[in-house]
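# Structure assessment
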Amino acid sequence: MKIYVDDGSTSIKVKWDGEEGVEKKIAVPTTFKRGWKADFGNSNIVNYDIDGEKYSFDRHDSTALNTNNIEWQYSAANTIAIHHALLKTGIEPKTIDIVVTLPLSEYYDTNKQVNKENVQRKKSGLMRRVSNSKETQMFKLNSITVRPESIPAGFEILSEMDINQSLLIVDIGGTTLDISQISGQMTDVINIYGDPHTGVSLITEEAKNALIEAKTYASNHMADLFIINRKNHDFFDKNINIPAKIQRVKETIESANRRLNERIINSIRQFKGYSHVMVIGGGSELISQAIKDFCNVRHDRFFVSSHPQFDLVNGLFTMG
Ligand SMILES: Nc1ncnc2c1ncn2[C@@H]1O[C@H](COP(=O)(O)OP(=O)(O)OP(=O)(O)O)[C@@H](O)[C@H]1O
Ligand SMILES: [Mg+2]
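Because the structure is predicted, anything quoted here is derived from the model rather than measured. (Residues numbered from 1 in each chain as written. Chains lettered and ligands numbered in written order. Predicted model: local features only at pLDDT ≥ 70, side-chain atom pairs only at ≥ 80, totals over all residues.)

### Structural notes on the overall build of the protein chain
Looking only at helices and strands, the protein chain has ten helices and 14 strands in total. The C-alpha atoms of the protein chain give 20 Å as radius of gyration, which agrees with the globular expectation for 320 residues (20 Å, within 12%). C-alpha extents for the protein chain along the principal axes are approximately 60 × 55 × 40 Å. Burial analysis of the protein chain (320 residues in total) assigns 44% to the buried set. The long-range share in the protein chain, meaning contacts at least 24 apart out of those at least 6 apart in sequence, stands at 68%. (Helix = DSSP H or I, 4+ residues; strand = E, 2+ residues; numbered from the N terminus. Rg over C-alpha atoms; globule rule 2.2 N^0.38 Å. Buried ≥ 20, exposed ≤ 12 C-beta atoms within 10 Å, placed from the backbone. Contact = placed C-beta atoms within 7 Å.)

Right, here's the structure in full:
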């Protein structure tokens, strides 16, 4: 069995062929902390061990490990996050083949060639043995394929394009901005750009600080929920401890979002000559309008899907 995994830094997206050929997919947050936590006696597995180090899944703890850095891609916590997401599929643990991703800036070297060292490093990291506190069976990884982020998401559109045309794919995730320009029929990678420091986490960090001022100590995941629900006043009212600070938190999110938009548009300026544009990743909703206005391609050549967070894993799945 082959399972497709877009192991992003904020959430792991998994897609597979379910029973009777029904495609299935899930997204699981990457919020882990060091050490084990109390077990409530239900069937959920939350405590893991890797190379003698203990970690637990905790969606709400503000001391959760920081995944917003590139080293996380190769870390023990990344391996555990993938295994945890695999268990969440409900598939009975067995030996599987797996496809995972690396950000463009890690997958390619400065000469735009595949960085074999990084690919190998990713594979070796994933081969580490993981066990859990309930001593139940875990998935075993047989073959591991590493693919670049963003490019596979354009697979279907590119296959319908002419070789003289090109597609700009802008992937805005939790931590990284990946931009690639690929020619029709996937004949050429024209240009790539990866910025490991520009992602929704720029807003997350500022939101967390504003929330602290409101005596609300949020994990990254919780702060992200404030960003996603930025237009939902009820959510703010329910989850912020000092009501007088609600407006301040909202304004902080809006101004951080404007700065994020500016940075992304600046990065797009170096790309020229594309005929089609696709915006993917969880941050799409925050930036797609600005990108559409800036790139100014034909209306029917601008793509944002209804579930942009899953575009990459969908592409991995289609590529096989
Ligand atoms: N509707 C939404 N509005 C705003 N932000 C959103 C929305 N949905 C998801 N996000 C944000 O998108 C981010 C997750 O996106 P995604 O899953 O693409 O990131 P990732 O792949 O884990 O990160 P990366 O690619 O940088 O490693 C989170 O920060 C989340 O808060
Ligand atoms: Mg991603």
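There's more to say after this.
### Let's talk about the site of ligand 1
Taken together, 20 residues lie around ligand 1, and Gly-8, Gly-173, Val-200, Asp-224 and Gly-282 are the ones closest in. At the level of elements, helix H6 (220-228) and helix H9 (284-295) are the ones that each hand at least two residues to the shell around ligand 1. Here the shell around ligand 1 gets three residues from one element, more than from any other, and that element is H6. For the shell around ligand 1, a count of residues per class yields four nonpolar, 14 polar and two charged. Domain assignment of the residues forming the shell around ligand 1 places at least three in each of domain 1 (2-148) and domain 2 (150-309). (Near = placed C-beta within 6 Å. Nonpolar A, V, L, I, M, F, W, Y, C, P; charged D, E, K, R; others polar. Domains from an automatic or database assignment.)

### Notes on the domain arrangement of the protein chain
Taken domain by domain, the protein chain holds domain 1 (2-148) and domain 2 (150-309). In this structure, domain 1 and domain 2 have C-alpha centres spaced 23 Å apart. Taken together, the contact between domain 1 and domain 2 spans 21 residues of the former and 23 residues of the latter. Those elements that provide at least two residues to the side of domain 1 that touches domain 2 are strand E3 (23-29), helix H2 (104-107) and strand E9 (140-148). Its residues assigned to classes, the side of domain 1 that touches domain 2 shows eight nonpolar, eight polar and five charged.

### Considering unusual backbone geometry
The residue Asp-51 is not glycine, and still its phi comes out positive at about 50°. Among the structural elements, Asp-51 can be located in the loop between strand E5 (47-50) and strand E6 (53-57). On the basis of neighbour count, Asp-51 is assigned to the exposed category, with 9 C-beta atoms found within 10 Å. Phi is positive for Asn-296, which is not a glycine, with a value near 55°. The class for Asn-296 is exposed, based on 9 C-beta atoms found within 10 Å.

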